[in-house]
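For reference, the chains in residue letters:
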Amino acid sequence: MHDKNTVGEAVNFRLLGAVSADGADGELRLGPEKRRSLLALLLLRRNRAVSVAQLTEALWIAEPPANARTVVQSHVSRLRALLVEARVDLDEVHLATAGDAYTLHLPDGLVDVERFDALVAAARAERHSADVVDALERALGLWHGPALTGTVASPPLEAWRQTLEENRLAAVETLAEHYRLLGEPARAAEILRAETVEHPLRESLVSALMLSLFGAGRQSDALDWYHRTRESLADRLGVDPGRALNAAYERILRGEGATTAGEAPVAVLPEPVPVRVPEQRAPEPEPLPAVDLLPRAPRGFHGREAELAALGDAARSAPDGAIALVTGPAGVGKTALALHWAHRHAARFPDGLLFADLGGPGDRPERDVHEVLAELLAALGAAREDLPDGAAARSALYRRLTTGRRVLVVIDNAWDVDQVRSLLPGGTDAVAVVTSRHRMLGLLVSELARPVPVSVLGQDESTALLARVLGPTRIAAEPAAARELARLCAGLPLALRIAAAKVSADPRRQIAALVGQLRHEQRRLAGLAAEEVSVTAALRLSYEQLPQPAARLFRALGHLPGPVIDAYTAAALGDLDPGAAAQALEQLAATHLITETDGGRYTLHDLVWLYARELGDRAGPVERRLARERLADQYLFTGLGAAEAAEPGSQPCFVPAPGSHRPRATAEFTTAEEALAWLGAHREPLATLIATADPARAWRLVLTQWPLILRRVRDGWVPLLQHALEAAAEAGDPDGESQARALLGWVLVSNRRLPEAQTCLAPAADLAQRAGNQVGRAVALINLALVQAELGDPAAAGAGLAQGLEIALAVDHRHTVTLALQHLARHMLATGRPRQAVEHAQHGLELTADDGPEVRRVLLHTVCGEALTGLGRHSEARVRLLAALAESEQLGHDQATAEVLRALAGAEDAAGLGRSAAGRRRRADEISPG
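Residues numbered from 1 in each chain as written. Predicted model: local features only at pLDDT ≥ 70, side-chain atom pairs only at ≥ 80, totals over all residues. Heavy atoms only, no water.

With that settled, consider the packing of helix α34 (residues 734-750) against helix α35 (residues 754-761). Following both chains from N to C, one finds α34 and α35 inclined at 170°, their axes separated by 8 Å at the closest point. Looking at the two axes, α34 sits roughly antiparallel to α35. Side by side, α34 and α35 meet where Arg 741, Ala 742, Leu 744, Gly 745, Leu 748 and Val 749 of the first sit next to Leu 754, Glu 756, Ala 757, Thr 759, Cys 760 and Leu 761 of the second. The residue makeup of the contact of α34 with α35, split by class, is eight nonpolar, two polar and two charged. (Axes fitted to C-alpha atoms, helices over the stretch in contact; angles between N-to-C directions. Helix = DSSP H or I, 4+ residues; strand = E, 2+ residues; numbered from the N terminus. Parallel < 35°, antiparallel > 145°, perpendicular 65-115°, else oblique. Contact = heavy atoms within 4.5 Å. Nonpolar A, V, L, I, M, F, W, Y, C, P; charged D, E, K, R; others polar.)

The following block contains the structure:
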């Protein structure tokens, strides 16, 4: 209530530019976009009631949230408070409530749109061009930019915006015409040129500009505008110039285009264009269906040609009536696709276009089908008082009324198959288009619906959608930033539209500024929100419908080191057995929160992954810690299995840390290739896990990769192994530190960083002895010996190798014994003792005689062959080296194969087979990993 005795001040409202208001103390602080939009609609319909439904339609581009009415009421309340704070005369200006509507009561002359209309009307009444020009210049001076700047780009406000712009352009064209009548064609051309650049296909503007240019003596420019426009009309619209444009062209060719001062004035202005919603259908008029409940066609729709074609195929007539099921994740544009297709093909359904929304982002999906059926039946002509009570009876009546009629029914945001069945029309001529976040397999099976999956947009389509909203000029000004913005939105149309709206709301805001904000993962979802519309709100609805195990698993997915998951990883994260994990994954896939790829694996969309991470971070600290530990232990135990499969007979590089969570199941590997492929595929996720794991788990996670590290020693492992060394030292684990040093030292040797390798390896043997790991001690001694030999200390190298062999024999570890024998054989050969080299190599081959092909046997064969060559036993050497070549090629180990080929070339040189030797060397160079 307000005090009727209060003396207030005047207030002026502006809509022709940014929406604003001025009170006695200056500009009112109107606040956010939606409040400005609400005020704009009330001002445009001043002194008339505007319903909450109309306001809601204007304030939200997409479907409004469940609390839309509350939001509207809040903005109305704040506007009333602003009027009081501005000391406005509340007897003249007040915002009244009447039932389910609001009315903004205003006296005349307080809104710039009203003053503009009055000046245009005054110009229309004038009979002299000078007076017309004066009135129209004052009218156009009220404009300070595009009308309704700072409001929501909703269909109702866009319709008003287009209408106001149409009236402004009409005034500009008439102003220019009267400048020509006053003998100032150059001034007319100056006014028209800027408008024609902005509206190049508006033929009345181009015609007026042509005549003005001709009148100013610029005939060639005038004709150039004609040809330029004709080409644009053909290229962009596929049409020829209209009557007005052709008439202007012909007048100029005949020399009749100029107008001189003193000619009789022309008609001043057409009547203002009535408010209308922009035409959404094809240019050719089509008969309207008997019933049309479709919402307006989506604005800014772009691309999706493949999906539109698939929807068209699915909606073709079928023996029992066609049902198309449009499915996809939240925010991907399912409703927009369905409505765009429905409006495009409306002429196919002359008996009715029906629409039923069963839910929506931000709303709970329990809409009563009983009431939805009542709405559809009323639209089909059934009297509400005659409707049966039960949903089944209403559904039967609905099918009877739609049988034999060519109707389209769009069932939007469906959540349950039974919901949809009740709303499917009868007969064979009807088509139903259903949109859902669920895969609805029951609808495919029982109703023979045809699926139309909708996924995220590609990079080019995403950028094009941004251009549709922002305009090509903004995109051309910042092409790199626009492409990065599309990438950060990950192809999700909802995210793209929100981002574009944020940029377009402030013409001064650069795309790069928003990109800079969204680059930060922790702020990205918050940045992709515009008041009540957000990516988070859209995802929340899908998440809240999940059963408890699937919801718990989804929260845990935020702890994933990468966007790929399988049943084993899911079981660890969610603390589930593999069967329950597989079921939970299927439930997440059914709601399109994850996407199945191949081999039982699933991926998460980038923004979904961020949302899961937010949920996981909000979980209790105990849940977060346990999920991360279980995931790390899943990788640890799987990595141990992979190492065993890749290097059969090798000793496990560690025992799991106390308190480890043994997985309920892990992936199994039947071949070394499978194990190495798993290690290679999970290298990046492992690196992410290692960076955040506790020290005891971190060094173990690194060491699980040792078979892959040995095969790819030059593949940038040093920083990761140094992290393992630091973690083992921090954990106070001498065995872990020893093994990390041994593996790091080997990699440093292979990368020819010998002094660093010696420093790294020197303490390893003592650390292993302190930990009671004799095998680790032997390996550390062997690795150190290799560095000593490379650095020119063969005596120390020989002693270290002999000690390593002695320790390995004492603990009877065959794998380490053969490792020592292999390197001892190489050492003997390098120090001029080929006979001992042959003995050590043959001993190693005897120990591995029952093993299949493996790299160590290849290396033993190779050194044995080289030693036999040194002894002059060429035929034996060749047999041994050919055996090595056969095993290395069977293994597919390029580095080992290259070494064998070089040794074989040397043997053939010694045997006088020069041509064969040259061929071996060429092949070795070709396959050598470098």
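The next subject is the sheet that holds strand β11 (residues 450-453). What the five strands build is an open sheet, ordered β8-β9-β10-β7-β11; its pairing is parallel. Since the sheet does not close on itself, it has two edges, and those belong to β8 (352-357) and β11, each with one partner. Adjacent strand axes in the sheet meet at a mean angle of 15°, parallel and antiparallel pairs treated alike. As paired strands, strand β9 (residues 407-414) and strand β10 (residues 431-436) are joined by five bridges and run parallel to one another. Note on β10: the bridge partner recorded for Val 410 is Val 433. Lying on the sheet, helix α11 (residues 305-314) is in contact with β7 (322-327), β10 and β11; it crosses β11 at an angle near 170°. (Pairing = 2+ DSSP bridges.)

For the pair helix α6 (residues 155-181) and helix α7 (residues 185-198), interaxial distance at closest approach is 7 Å and the crossing angle is 160°. If you check the angle between α6 and α7, you find them roughly antiparallel. At the point where α6 passes α7, the crossing takes the left-handed sense. Here Arg 168, Leu 169, Val 172, Glu 173, Leu 175, Ala 176, Tyr 179 and Arg 180 of α6 lie close against α7, whose contacting residues are Pro 185, Arg 187, Ala 188, Ile 191, Leu 192 and Glu 195. Grouping the constituent residues of the contact of α6 with α7 by class yields nine nonpolar, no polar and five charged. (Left-handed = near helix turned anticlockwise from the far one by under 90°.)

Below, the discussion takes up the sheet that holds strand β14 (residues 564-565). Taken together, three strands build an open sheet; the order of strands is β14-β16-β15 and the sheet is antiparallel. Since the sheet does not close on itself, it has two edges, and those belong to β14 and β15 (595-596), each with one partner. Relative to strand β16 (residues 602-603), β14 is paired through two bridges, and the arrangement is antiparallel. The residue bridging Ile 565 from the neighbouring strand is Tyr 602, located in β16.

The next subject is unusual backbone geometry. Unlike most non-glycine residues, Leu 148 shows phi in positive territory, near 65°. Mapped onto the secondary structure, Leu 148 falls in the loop between α5 (129-140) and α6. A residue is classified by how much of its surface remains accessible, and Leu 148, at 0% relative accessible area, is buried. (Buried < 20%, exposed > 50% of the residue type's maximum accessible area, 1.4 Å probe, protein only.)

We now examine helix α42 (residues 874-891). Helix length check: α42 (18 residues) gives 26 Å between terminal C-alpha atoms against 26 Å at 1.5 Å per residue, within 8%. Every buried residue of α42 is accounted for by Ala 877, Leu 881, Ala 884, Leu 885, Glu 887 and Ser 888. (Expected span 1.5 Å × (residues − 1).)

Turning our attention to the environment of Gln 722. The residue Gln 722 is located in helix α33 (residues 718-730) in this model. Note on Gln 722: relative accessible area 34%, which makes it partly exposed. Residues Gln 722 and Phe 554, 168 residues apart in the sequence, show an inter-C-alpha distance of 34 Å.

What follows concerns the nonpolar core. Core analysis: the largest hydrophobic core is formed by 133 residues, its most contacted members being Phe 554 and Leu 557. The element contributing the most residues to this core is helix α28 (residues 621-646), with ten residues. Setting aside chain neighbours within four positions, we find Phe 554 in contact with Tyr 543, Leu 546, Leu 588, Leu 593, Val 608, Tyr 611, Ala 612 and Leu 615. Counting residues in hydrophobic clusters, the runner-up holds 81 residues, among them Leu 38, Val 76, Leu 148 and Val 206. (Core = buried A, V, L, I, M, F, W, Y, C linked by side-chain atoms within 4.5 Å.)

Given a rise of 1.5 Å per residue, 14 residues ought to cover 20 Å, and the 20 Å separating the end C-alpha atoms of helix α4 (residues 112-125) matches this to within 8%. Turning to α4, its buried residues are Asp 112, Val 113, Glu 114, Phe 116, Leu 119, Val 120 and Ala 123.

Moving on, we come to the environment of Leu 809. Following the sequence through the fold, Leu 809 ends up in helix α38 (residues 794-810). Judged by its relative accessible area of 48%, Leu 809 is partly exposed. On a C-alpha basis, the gap between Leu 809 and Thr 591 in space is 59 Å, while along the polypeptide they are 218 residues apart.

Counted according to the given criterion, the structure contains eight aromatic pairs. An aromatic cluster of at least three residues, connected via ring pairs, comprises Tyr 543, Phe 554 and Tyr 611. Here Arg 168 stacks its cationic end above the ring of Trp 143, 5.6 Å away from the centre of that ring. Stacked on the ring of Trp 717, the Lys or Arg Arg 683 has its end atom at 3.7 Å from the ring centre. (Phe/Tyr/Trp six-rings, centres within 6.5 Å; stacked < 30°, edge-to-face > 60°. Lys NZ or Arg CZ within 6 Å of the ring centre and 35° of its normal.)

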